[in-house]
Amino acid sequence: MVIMGDGMHNFSDGLAIGAAFSSNITGGISTSVAVFCHELPHELGDFAVLLKAGMSVKQAIVYNLLSALMAYVGMLIGTAVGQYTHNVTNWIFAITAGMFLYVALVDMLPEMLHGDSEEHKRCHLGHFVLQNVGMLTGFAIMLLIAIFEDRIVFDFGF
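Here is what the cut-offs are and how they apply
Residues numbered from 1 in each chain as written. Predicted model: local features only at pLDDT ≥ 70, side-chain atom pairs only at ≥ 80, totals over all residues. Heavy atoms only, no water. Helix = DSSP H or I, 4+ residues; strand = E, 2+ residues; numbered from the N terminus. Buried < 20%, exposed > 50% of the residue type's maximum accessible area, 1.4 Å probe, protein only. Contact = heavy atoms within 4.5 Å. Areas by Shrake-Rupley, 256 points an atom, 1.4 Å probe, with all protein chains shown as cover. UniProt positions renumbered as here; feature names shortened; annotations may be inferred. Lys, Arg positive; Asp, Glu negative; His and termini not counted. Salt bridge = Lys/Arg side-chain N within 4 Å of Asp/Glu carboxyl O. Axes fitted to C-alpha atoms, helices over the stretch in contact; angles between N-to-C directions. Left-handed = near helix turned anticlockwise from the far one by under 90°. Nonpolar A, V, L, I, M, F, W, Y, C, P; charged D, E, K, R; others polar. Expected span 1.5 Å × (residues − 1). Bend = angle between axes of the 7 residues up to and from the residue. pLDDT = per-residue confidence, 0-100. Parallel < 35°, antiparallel > 145°, perpendicular 65-115°, else oblique.

- In the annotation of an unreviewed UniProt entry, the entry for the protein reads Solute carrier family 39 member 10, and the organism field reads Poecilia latipinna.

Following this line, the structure appears as structure tokens:
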């Protein structure tokens, strides 16, 4: 179930990235950064769940990689759909934004509030500060990209 759910989730992330790149390159890069910041802890958590379920490290890496490949499939479809039908792009963004919020509020927030580790119970204030610094850093990065999106220029020298 973890692999299948993660594969579908990665597919929708790829749709968002593909649709964003079909609109413009800066939107695609900012969406890619957002997806990366969102996916890194998610994939590490999935890896830990697979290990706890009894898989070997090699098996967990292979299955996690297979589910991550669905993002490339989604990206190809999102790019193709975004280039030919611009009105569908906004629907893709709405669906993936809803999925981001769902994962953050339903999966990650309760875990942040009710961690079961003994280490976290000793230092509530430090844990609280660390979590909020991480979230505020993510908000700040996305805000800066949104504010300066029109001024970002890539010159690859080709």
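Things to note about the overall build of the protein
Thinking step 1. Within the protein, the secondary structure is distributed over seven helices and zero strands.
Thinking step 2. Helices and strands in the protein line up, N terminus first, as α-α-α-α-α-α-α.
Thinking step 3. Out of the 158 residues in the protein, the part that is buried amounts to 24%.
Thinking step 4. Considering only intrachain contacts with a sequence separation of at least 6, the fraction spanning at least 24 residues in the protein is 72%.
Thinking step 5. Here the protein has roughly 10800 Å² of accessible surface; of this, 73% comes from carbon and sulfur atoms.

Some points on the UniProt feature "transmembrane region" (unreviewed entry) in the protein
Thinking step 1. As recorded in UniProt, the feature "transmembrane region" (unreviewed entry) lies at residues 61–82, 88–109 and 129–148.
Thinking step 2. Between the end C-alpha atoms of residues 61–82 there is a gap of 32 Å, over a span that is 95% helix and 0% strand.
Thinking step 3. Regarding residues 129–148, the helix share stands at 95% and the strand share at 0%, and the terminal C-alpha atoms are separated by 28 Å.

Regarding the side chain of D13
Thinking step 1. Of note, D13 is situated in helix α1 (residues 2–23).
Thinking step 2. Buried charge without a salt bridge: D13, with K52 as the nearest opposite-charge side chain at an N-O distance of 24 Å.
Thinking step 3. Discounting residues that sit within four places of it in the chain, D13 has contacts with V35, H38, E39 and F100.

Points about the packing of α1 against helix α4 (residues 70–84)
Thinking step 1. Between α1 and α4, the shortest axis-to-axis distance is 6 Å and the interhelical angle comes to 35°. The two elements α1 and α4 cross, and the hand of that crossing is right-handed. For the pair α1 and α4, contact is made by G7, N10, F11, G14, L15, I17, G18, A19 and S22 and by M70, A71, V73, G74, M75, I77, G78, T79, G82 and Q83, respectively.
Thinking step 2. The residue makeup of the contact of α1 with α4, split by class, is nine nonpolar, 10 polar and no charged.

Concerning helix α2 (residues 25–52)
Thinking step 1. Along its 28 residues, α2 runs 39 Å from first to last C-alpha, staying within 8% of the 40 Å computed at 1.5 Å per residue.
Thinking step 2. Of all the bends in α2, the greatest reaches close to 30° and is centred on E39; the proline P41 follows between one and four positions later.
Thinking step 3. Note on α2: the residue one or two positions beyond its end, G54, has a positive phi of about 110°.

A short note on the environment of A94
Thinking step 1. If you trace the backbone, A94 turns up in helix α5 (residues 86–113).
Thinking step 2. Measuring from C-alpha to C-alpha, the distance between A94 and A16 comes to 9.2 Å, with 78 residues separating the pair along the chain.

Notes on the confidence of the model for the protein
In low-pLDDT segments, the atomic positions of the prediction should not be examined closely.
Thinking step 1. For the protein, per-residue confidence averages 80 on the pLDDT scale, and 86% of positions sit at 70 or higher.
Thinking step 2. Averaged pLDDT values over the elements of the protein bottom out at 54 in helix α6 (residues 118–122) and peak at 91 in helix α3 (residues 57–68).

Remarks on the packing of α2 against α3
Helix packing for two helices is described by the angle between their axes and how far apart those axes are.
Thinking step 1. Interhelical geometry of α2 versus α3 gives an angle of 140° and a closest axis separation of 9 Å. Looking at the two axes, α2 sits oblique to α3. Handedness of the α2/α3 crossing: right-handed. Each of E43, D46, F47, L50 and L51 in α2 lies in contact with α3, whose residues at this interface are V57, A60, I61, Y63, N64 and S67.
Thinking step 2. Of the residues assigned to the contact of α2 with α3, the class counts are seven nonpolar, two polar and two charged.

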